[in-house]
Amino acid sequence: MEIPGIVGAGLIVIGAGIGIGRIGGSAMDAIARQPEAFGKIQTAMLIAAALIEGIAFAALFAS
Amino acid sequence: MYRINLIKTITLLFLVITFSVSAQHDSSTEIQAENSHAETDLKTEIKEDIKHHLQDSHEFTLFRSKTDGSGFTIPLPVILWDSSLQIFMSSKFQHGEEVAENNGNYYKIYHNKIYKTDAEGVIELDEHEHPTNVKPLDLSITKSVAAILFIAILMLWLFTSLAKSYGKNNGIPTGVGRFFEPLVLFIRDEIAIPNIGEKHYKKYMNYLLTIFFFIWFVNLLGLTPLGVNVTGNIAVTFALAILTYLITTFTAKKEYWKHVFWMPGIPIPMKIILAPIELFGTFIKPFSLMIRLYANMLAGHTVLMSILALMFIFKSWVGGPLSFGLAFVLSILELLVAVLQAYIFTMLSALYFGSAAEEHEDHH
């Protein structure tokens, strides 16, 4: 039985969601602990989220 | 307190609308079964409309009726290189339905691409449904090119007049400068200096500022009802990513190449394994820049168009307010995405430039 590509797309979205969710949550924790480092944490968070997003989109196009 | 109440009210309103939609859906299942044929036609039509919006085109269509073909279309110049230069207006194609004649050559648009044909406009297809006709080199001013030119002229005018106004007022920003100065300072202080370093950041500033404002303005233009989709076109993001790649490669110091080919501080067998991976990584970085911007803008436009299409799918009074509400919320989100994608592109470019410009004594 062939698995349709849309199932793969769903899996990708789940994976990317978990990844970005974890980054966001950890960034929240870090900001709560050190509010003065907000700028640096936000930048690092956005870069990590962007990298995951890039992989997710590349995989979505492949599926 | 007031705000929480407002949010609750809005949520309740949305829930009510959604439930009433699903109720409507149940009661009309039987009628739908009868109309299922018409429904699939509507769905393919919507899909084609969305696809048409996302593609580049040889004319600027603001609105056009499908039944009688009336509407408002701005023809754009078509420039072809077909053993000699052929320039004519795209109005000759009659919205892609007719054969265009120029200096004794005949051209026809097939699936958004221009092919050379005979006087009748016959497109010959091979077994894979690909046309076998000659495809002349197409250098036309298409919708995307026109939008890019418009943004380029706007930016040139805006920022040169801004620079002049600083000279007149002894360095104090006036008018629109009050809006743009914090943004320029943000790119310098939050993006360029932390990533590239105090010493080298200046020579990259012009590129970073240009790319930030270009991507931002073009993204914003895509949100206007003009229906242009410039950064959702992979050729445009490819060009932007290539610029970042070229600048990284040609401004790279010895230290950068040393980190790519002979990573210091690790055993020699690992160095041999890492070198091809690192070399591959230098291509992956601009590739991910290209895919990220393209996919984000394409996804945003597709979702927005699909939500707008909801009002044709629900054939009742619910569709209009529902698709308006959702499209409104999504448009505000897209305003954020427009600036966020410009920021991330600039940020990652600065990061790559930083790794290229790094010298041995720099520690940041």
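Residues numbered from 1 in each chain as written. Chains lettered and ligands numbered in written order. Predicted model: local features only at pLDDT ≥ 70, side-chain atom pairs only at ≥ 80, totals over all residues.

Colleague: Which residues make up the overall build of chain A, and what values do they have?
Modeller: Secondary structure assignment for chain A yields two helices and zero strands. In terms of C-alpha radius of gyration, chain A reaches 15 Å, well past the compact-globule figure of 11 Å for 63 residues. Based on the C-alpha atoms only, the size of chain A along its principal axes is roughly 55 × 15 × 10 Å. For chain A, the residues scored as buried account for 8% of the 63 residues in total. (Helix = DSSP H or I, 4+ residues; strand = E, 2+ residues; numbered from the N terminus. Rg over C-alpha atoms; globule rule 2.2 N^0.38 Å. Buried ≥ 20, exposed ≤ 12 C-beta atoms within 10 Å, placed from the backbone.)

Colleague: Break down the nonpolar core for me, with residues and values.
Modeller: Counting 46 residues, the largest nonpolar core has Ala192(B), Leu208(B), Phe212(B), Ile215(B) and Ala350(B) as the members making the most contacts within it. Those elements that place two or more of their residues in this core are helix 2 (38-62) of chain A together with helix 4 (143-168), helix 5 (177-196), helix 6 (202-223), helix 7 (234-250), helix 9 (268-313) and helix 10 (319-357) of chain B. Looking at which element gives the most residues to this core, the answer is helix 10 of chain B, with 12 residues. Discounting residues that sit within four places of it in the chain, Ala350(B) has contacts with Ile191(B), Ala192(B), Asn195(B), Ile196(B), Tyr204(B) and Leu208(B). Counting eight residues, the second largest nonpolar core, distinct from the first, contains Val78(B), Leu80(B), Phe93(B) and Ile114(B). (Core = buried A, V, L, I, M, F, W, Y, C linked by C-beta atoms within 7 Å. Contact = placed C-beta atoms within 7 Å.)

Colleague: So, the packing of helix 7 of chain B against helix 9 of chain B: which residues are in play, and what are the values?
Modeller: Residues and elements named next belong to chain B. Contact pair helix 7 / helix 9: the axes reach a minimum separation of 8 Å and the direction vectors enclose 150 degrees. Our pair here, helix 7 against helix 9, has a crossing hand that is right-handed. Facing Ile234, Thr237, Phe238, Ala241, Ile242, Thr244 and Tyr245 of helix 7, the residues of helix 9 in contact are Pro286, Leu289, Met290, Leu293 and Tyr294. Its residues assigned to classes, the contact of helix 7 with helix 9 shows 10 nonpolar, two polar and no charged. (Axes fitted to C-alpha atoms, helices over the stretch in contact; angles between N-to-C directions. Left-handed = near helix turned anticlockwise from the far one by under 90°. Nonpolar A, V, L, I, M, F, W, Y, C, P; charged D, E, K, R; others polar.)

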